Every structure is written in C-alpha cells, then in structure tokens.
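# Residue-level structure breakdown
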Amino acid sequence: MDKLIVTGGFPLKGQVRISGAKNAALPLMAAAILAESPLKLTNLPALGDLLTMGRLLRFMGGQVELGRLNANEAELDLTGLARPEAPHELVKTMRASALVLGPLLARLGRAKVSLPGGCAIGVRPIDLHLKALQAMGAIFDLSGGDIVARAPEGGLQGAEIRFENVTVTGTENVMMAATLAQGRTVLANAAREPEVVDTGQALRAMGARLTGLGTDTIIIDGVSSLKGASYEVMPDRIEAGTLLAAVALAGGEITLLGFPHEALATVLAKLRATGLTLTPQGPDLVARAPATLMAADVITQPHPGFPTDMQAQFMAMMTAARGTSVITETIFENRFMHVGELRRLGANISLEGRTAVVRGVESLSGAPLTASDLRASASLVLASLAARGESQIHRVYHLDRGYEGLDRKLSSLGASIQRVKA
Ligand code: UD1
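Sequence order as written defines residue numbering, which begins from 1 separately in each chain. Side-chain atom pairs in this predicted model are given and counted only at pLDDT of 80 or more, local residue features only at pLDDT of at least 70, and totals for whole chains, interfaces and linings cover all residues. Side-chain figures throughout are based on the complete set of non-hydrogen atoms in the structure, without hydrogens or water.

Once that is clear, we can look at the domain arrangement of the protein chain. Reports often express the size of an interface as the amount of accessible area lost when the parts come together. As annotated, the domain borders come from an automatic or database domain assignment. Along its sequence, the protein chain is carved into domain 1 (2-19 + 235-421) and domain 2 (22-232). Between the C-alpha centres of domain 1 and domain 2 there is a distance of 30 Å. Facing 23 residues of domain 1, the contacting portion of domain 2 comprises 21 residues. Buried area: the sum, over both parts, of the accessible surface (1.4 Å probe) that disappears when the two are put together. Around 1,700 Å² of area is buried between domain 1 and domain 2 when both sides are counted, 51% of it from carbon and sulfur atoms. For domain 1, the biggest contributors to the area lost against domain 2 are His303, Arg401 and Glu404; these three give 32% of the whole. By definition, a salt bridge exists where a carboxyl oxygen of Asp or Glu is found within 4 Å of a side-chain nitrogen of Lys or Arg. Viewed at the interface, domain 2 and domain 1 are joined by two salt bridges. Contacts are assigned to residue pairs with any non-hydrogen atoms lying within 4.5 Å of each other.

So, in structure tokens, the structure goes:
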C-alpha cells in the first residue's frame with residue numbers, strides 16, 4: 001500500500017485545475033444503463049471509484065471504454081446489457097454501486113444487487129431507496145445477501161414519494177428509475193445537491209422529462225426510451241473546498257481554475273469567516289491565506305448547508321486556528337474517525353456525541369498517521385501541511401478512491417509531499 005510523506009511548513013503558490021466531480025460521475029455512469037445508445041461522458045476524474053463502476057457495468061455486459069479517447073473521457077455502451085447484477089465483490093468496495101438498482105429495474109424490469117453492508121462512516125442503509133422503488137411497484141426479496149428485485153408487469157409505475165430523510169444517491173436512484181416509468185413521479189424532500197442537478201441535466205439531454213432540479217420537489221414524467229448523449233461532468237466542489245483548506249493551513253496564494261462558485265457558496269462564506277481572501281476571477285477563484293486563521297463553527301446539513309464531505313477538512317483547519325470551534329455532524333453518526341489521528345499531530349479536540357470542540361493550538365507536529373476513509377485521509381494530508389516536521393500517512397488508497405492526484409496537485413503548488421509506492 002502506498003504511503004505519503006509530508007513535510008509541513010511550505011506555503012502554496014501557483015494554479016491548479018479542479019477535476020470532474022466523483023459524486024456526479026458515479027450516477028452519470030449508472031445512467032448509461034437507461035440509454036438505448038452509447039453515453040459519452042467528458043471531464044471524468046481518474047479515480048478508483050470510477051474504475052469500480054466501470055468494472056460493474058462491464059460485468060453486466062456493457063462496453064465501457066474508460067480513458068480510450070482521452071484520460072478524462074469515456075464512452076459507455078450498455079446496449080448489450082445482459083446480466084443485471086451487482087456482485088458483492090464490487091458493491092462491498094463502493095456503496096455507490098447501489099445506484100444501478102433503479103436504472104436496471106427501469107430498463108430490464110429486474111436486478112440483483114448485493115446489499116451494501118456497514119461502512120467506516122456509519123451504517124448507511126439503502127432502505128429509503130427500496131421504499132421509494134416499492135412505491136413504484138417494485139418487488140424485493142432478500143436472498144443470500146442479495147436484493148433480488150423485479151418491476152411489476154408493465155414496468156415501474158409513477159408514484160408520489162416523500163423521502164423521510166434527504167438522501168443523495170437515493171434521490172438519484174429513484175429519479176433515474178422514474179425516467180422510464182409509466183406516468184408521473186413526484187419526489188418530495190428530494191436532495192438538492194449540485195450532483196443531483198448534474199445527473200438530472202444529463203438525463204434531460206438523454207431525452208428524460210423532469211423539472212424541479214435543485215429544489216426539494218422533483219417531478220419526472222416517464223418516457224418510453226432514452227438515448228445516449230454527450231455530457232460534461234461538473235467540477236468537484238469537494239476537491240475545490242479541500243484545496244482551499246490546504247492553502248488556509250499551508251499559507252500562500254493559489255488560483256483554482258474552473259471553480260464551482262455556486263455549488264460551494266456556503267463553504268466559501270464559512271472560509272471567509274476564518275479569514276481567507278477569496279476573489280472570483282471569471283470561472284476561476286484566487287484564494288489567499290490569512291496571517292492568522294480564525295475559528296468558526298459549522299453544522300453539517302444537506303445542500304445548501306455545509307457539506308458533511310467537507311467536515312473533516314474544516315476540522316483540520318480549525319486545529320490550527322485562533323480560538324475554539326464547535327463542529328456538529330448531523331448527516332452520519334460516525335464520521336469523526338479523523339479526530340484520533342489529528343490528536344496525534346497535537347490537535348486539541350474533545351468529542352461529545354455528534355459534536356467536536358476544537359481548540360486551536362499554536363503549532364502541530366508531524367507524526368505517523370493512518371487514513372480511515374476518503375475525507376478523513378484528506379484531513380490528515382491537510383493538517384500535515386501545517387505541522388512542523390514530517391508526517392507519514394498510511395493507507396492512502398482511501399484518498400485515491402476519491403481524489404484525482406491530490407498529492408500531485410499539492411506538490412505542483414509547492415507542498416512537500418512524496419508518494420512512496422508499496
Ligand atoms: C452521498 C455521497 C457522499 C456524501 C453523502 C451526504 C455519493 C456517491 N456519495 O452518499 O459522498 O457524504 O451523500 O452528502 O454521492 N440514509 C438512510 N437510508 C437510506 C439512505 C440514506 O438512513 O436509504 C441515511 C444515511 O445513513 C445518512 C443520511 O441518510 O445518515 C444521508 O445519506 P445519503 O445522502 O443517502 O448519502 P449517500 O447518498 O450514500
């Protein structure tokens with residue numbers, strides 16, 4: 001397993017381009033199942049999770065050429081879809097595999113998808129996905145750890161569905177299923193995340209009829225078939241936010257090219273409150289670190305609130321800020337695994353239930369660290385940029401699942417990061 005060696009104390013300078021969004025690319029790849037001709041995606045990030053989704057679609061009989069035309073483009077041809085199954089080996093490495101369930105039911109009327117288990121950041125069931133698909137007439141059996149699903153005779157039926165909780169992939173799964181259902185589906189308490197909007201826009205380009213994207217009510221009128229299209233994946237707001245946290249911790253000034261301004265509005269407001277100077281320049285953003293980083297509180301919420309996927313990185317910032325920050329995690333029940341590792345760098349953090357109280361310290365000092373999940377890994381890299389001396393971060397495969405060359409991008413900005421290959 002690769003590890004990263006980070007030496008803190010090097011300010012960042014220069015410019016870097018934001019990659020395509022992982023959490024938009026995954027549902028968009030699943031959407032190819034719905035189409036009767038190939039779907040071309042551009043601006044795809046080169047990530048472990050996308051390779052897993054590619055393997056899954058190929059397992060089903062699809063032709064998926066990731067990186068054939070260009071490293072960031074793919075053509076997904078699911079016209080030969082023959083085996084509507086998502087096996088455990090693939091689902092266990094990536095919960096987002098569940099995103100194929102809705103499209104398979106809609107297109108073929110049957111699916112067998114291994115039930116995703118618990119994962120490092122919490123229980124994360126898919127009961128809300130299943131309940132919504134049941135309301136559309138789907139029938140589920142559990143056999144050998146697999147969900148065996150079929151659509152009613154005549155296919156899925158439009159339905160009025162209210163999600164008990166906001167669920168991002170749940171909204172995407174059911175939205176995709178509804179595009180080919182009979183009649184109208186109304187999704188209430190739907191997720192408003194920009195990646196849901198991006199998925200919906202691609203579905204429209206494929207011929208789907210849907211309105212209300214970006215609001216909490218999405219209305220989908222089923223059509224008899226969808227065709228392929230060419231679609232550019234939105235930039236990754238979480239990668240962009242992570243790089244802003246990096247400059248806050250390391251110091252310096254950077255320009256982020258192709259910045260998702262609107263999708264990150266809440267995060268930008270919070271970062272400004274900590275002292276960062278953030279100046280939009282057309283499609284780009286110039287970010288300058290303050291002389292003294294100030295503490296601020298955050299509560300994670302569904303979009304447009306502060307994203308849970310930025311919580312660990314924000315906490316890393318707060319370990320080195322002046323003052324005390326209260327960070328409350330409301331989305332996942334166990335998303336503080338980075339706390340123990342940040343403490344190893346000298347951070348002062350106390351935990352009570354879903355709340356972390358972070359008292360900024362004068363200085364952090366490098367230590368050996370172990371990554372536990374994707375965003376936790378990022379927070380360890382970030383805090384190491386501010387720490388005196390050397391940190392070694394083990395298990396960076398978590399980072400590589402969701403960031404396209406974060407270590408390479410930070411190095412190009414002047415950080416001292418070496419990857420040691422296993
Ligand atoms: C997606 C993102 C992930 C992000 C999360 C929250 C992708 C591929 N992943 O994950 O990066 O952290 O949104 O913004 O887009 N829940 C249930 N039952 C369900 C579904 C969800 O109880 O059927 C709960 C979850 O356990 C969690 C909360 O609802 O506590 C939100 O989860 P959800 O929005 O579904 O997260 P994901 O879509 O898995």
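Any residue with a heavy atom lying within 4 Å of a molecule or strand is counted as near it. As a structural note, the neighbourhood of the ligand is formed by 18 residues, with Asp127, Thr167, Thr169, Asp309 and Ile331 the closest of them. Between the ligand and aspartate 127 there is a distance of 2.7 Å, counted from a nitrogen atom to a side-chain nitrogen or oxygen. Taking aspartate 309, its side chain carries an N or O atom lying 2.6 Å from an oxygen atom of the ligand. Contact with the protein chains removes 87% of the 740 Å² of surface that the ligand exposes when unbound. The helix count covers DSSP runs of H or I at least four residues long, the strand count covers runs of E at least two residues long, and both are numbered beginning at the N terminus. Every element with two or more residues in the shell around the ligand is listed here: α5 (127-135) and α6 (168-179). When residues of the shell around the ligand are assigned to their parent elements, the largest contribution, three residues, is made by α5. Nonpolar residues are Ala, Val, Leu, Ile, Met, Phe, Trp, Tyr, Cys and Pro. Charged residues are Asp, Glu, Lys and Arg, and all others, Gly as well, are polar. Each residue belonging to the shell around the ligand can be placed in one class, and the counts come to eight nonpolar, five polar and five charged. Per-domain counts for the shell around the ligand show at least three residues from each of domain 1 (2-19 + 235-421) and domain 2 (22-232). Two N or O atoms form a polar contact when they lie within 3.5 Å of each other; inside protein one atom must be a possible hydrogen donor and the other a possible acceptor, and for residues adjacent in sequence the pair counts only when both atoms belong to side chains. The protein chains shown are the only cover counted for residues, whose accessible areas, like all others here, come from Shrake-Rupley with a 1.4 Å probe.

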